[in-house]
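# Residue-level structural notes
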Amino acid sequence: ALINAVAEINDITNTEKTIKIESADEIKLSDMLSGKAFATVGEEGYLIVRSTADENSESIGKVYEDSVIKVIERDDAWTKISSGNVKGFIKTGNLISGKTAIEKAKALLTEMYPETDLTTLNKEVIDNSFSVGETNEEEATRLAEEEAQRIAEEEARIAAEQARIAAEEAARQAELQAKGQAVVEYAKQFLGNPYVYGGTSLTNGTDCSGFVRAIYAHFGISMPRSSYYMRNSGYEVSYSEMMPGDVVCYSGHVGIYAGNGKIVNAIDESRGIGMSNVNYTKIITIRRMY
């Protein structure tokens, strides 16, 4: 029983010591935060600092919700303050000082140093942790810098977006080129094979539309049997956009552009499947199938 009683006394003593230590730390922290004041800024997010103790006097700067303020002189109506380079007057009713200001300062410090025991911070760190007000000139400079930064970021974003689009377009064009070239290389395998009107065989004989249809069927692309209806297949591209693999449609004829101003096509019975100039006659439309 005596041992238990001594233990209880020790526990009480340790608890009292802890309370005293915490109280001492609290006093130390409060002492470092003494003299700091803040302002009630309202919905605008700032409070105008006047050149004199008059509502109609010149605006010389602003203090913000978390701007730490030093009180120079104070009466019931107006308080002369300084915050950073701003020195002027605010209405006393907008001033937060004393214990309320200390509690606000503690809350701000806790938010800035969430994993830190505030009593371990020295006064210099604490003093440098709070924002201050700014003069009209400082605000103008800051806004100009922010706008310049915003413009620079927007220009960088646009440039990056344009680069991305260009890269995607280059990749798409490369893919189209590869697909088109594959069509041409496959079609060229049948050069010299016979032309047969109404035929569909790449080896035993085909006509112009049968040739184009059979070539594209090899790549899993379905096309009409008639050269007339092929004019509406795929989607149209301009002459300047034409690339190997595109289907070139003429009046009563059709072929596959092979590059270098040539088409591969089933020409006629005397020439069979061969190469012709892409401009051998008027082009009606150019169709891309992929």
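Because the structure is a prediction, the values reported are computed rather than measured.

### A short note on the packing of aromatic side chains
- Throughout the structure, instances matching the rule amount to five aromatic pairs.
- When the ring of Tyr 186 is compared with that of Phe 219, the centres are 5.8 Å apart and the planes differ by 90 degrees; the resulting orientation is edge-to-face. Pair noted here: Tyr 186 is in helix H4 (residues 136–188) and Phe 219 is in the loop between helix H5 (208–218) and strand S11 (235–236), with a separation of 33 residues, a long-range link.
- Counting every residue linked through ring pairs, the aromatic cluster contains Tyr 186, Phe 190 and Phe 219.
- Above the ring of Phe 38, the side-chain terminus of Lys 104 is found at 5.6 Å from the ring centroid.

### Focus on the packing of H4 against H5
- Axis separation between H4 and H5 bottoms out at 10 Å; the angle between their running directions is 120 degrees. Classified by the angle their axes make, H4 and H5 are oblique. Our pair here, H4 against H5, has a crossing hand that is right-handed. Across the interface between the two elements, Val 183, Tyr 186 and Ala 187 from H4 touch Phe 211, Ile 215, Tyr 216 and His 218 from H5.
- Broken down by class, the residue content of the contact of H4 with H5 amounts to six nonpolar, one polar and no charged.

### Focus: the pairing of strand S14 (residues 262–268)
- Of all seven residues making up S14, five are buried, and the element is well covered by its neighbours.
- Where strand S13 (residues 253–259) meets S14, three bridges bridge the pair, whose relative direction is antiparallel. Note on S14: the bridge partner recorded for Tyr 257 is Ile 263.
- Between S13 and S14, which pair antiparallel and follow one another directly, the connecting turn spans two residues, one of which, Asn 260, has a positive phi of 55 degrees.
- Of the strand pairs in this sheet, S14 and strand S15 (residues 272–277) are connected by six bridges, and their pairing is antiparallel. What sits directly across from Asn 265, in S15, is Gly 274.
- Adjacent in sequence and paired antiparallel, S14 and S15 are bridged by three residues.

What counts as what
Residues numbered from 1 in each chain as written. Predicted model: local features only at pLDDT ≥ 70, side-chain atom pairs only at ≥ 80, totals over all residues. Heavy atoms only, no water. Phe/Tyr/Trp six-rings, centres within 6.5 Å; stacked < 30°, edge-to-face > 60°. Helix = DSSP H or I, 4+ residues; strand = E, 2+ residues; numbered from the N terminus. Lys NZ or Arg CZ within 6 Å of the ring centre and 35° of its normal. Axes fitted to C-alpha atoms, helices over the stretch in contact; angles between N-to-C directions. Parallel < 35°, antiparallel > 145°, perpendicular 65-115°, else oblique. Left-handed = near helix turned anticlockwise from the far one by under 90°. Contact = heavy atoms within 4.5 Å. Nonpolar A, V, L, I, M, F, W, Y, C, P; charged D, E, K, R; others polar. Buried < 20%, exposed > 50% of the residue type's maximum accessible area, 1.4 Å probe, protein only. Pairing = 2+ DSSP bridges.

Take it as geometry only, folks, not as evidence of what the structure does.
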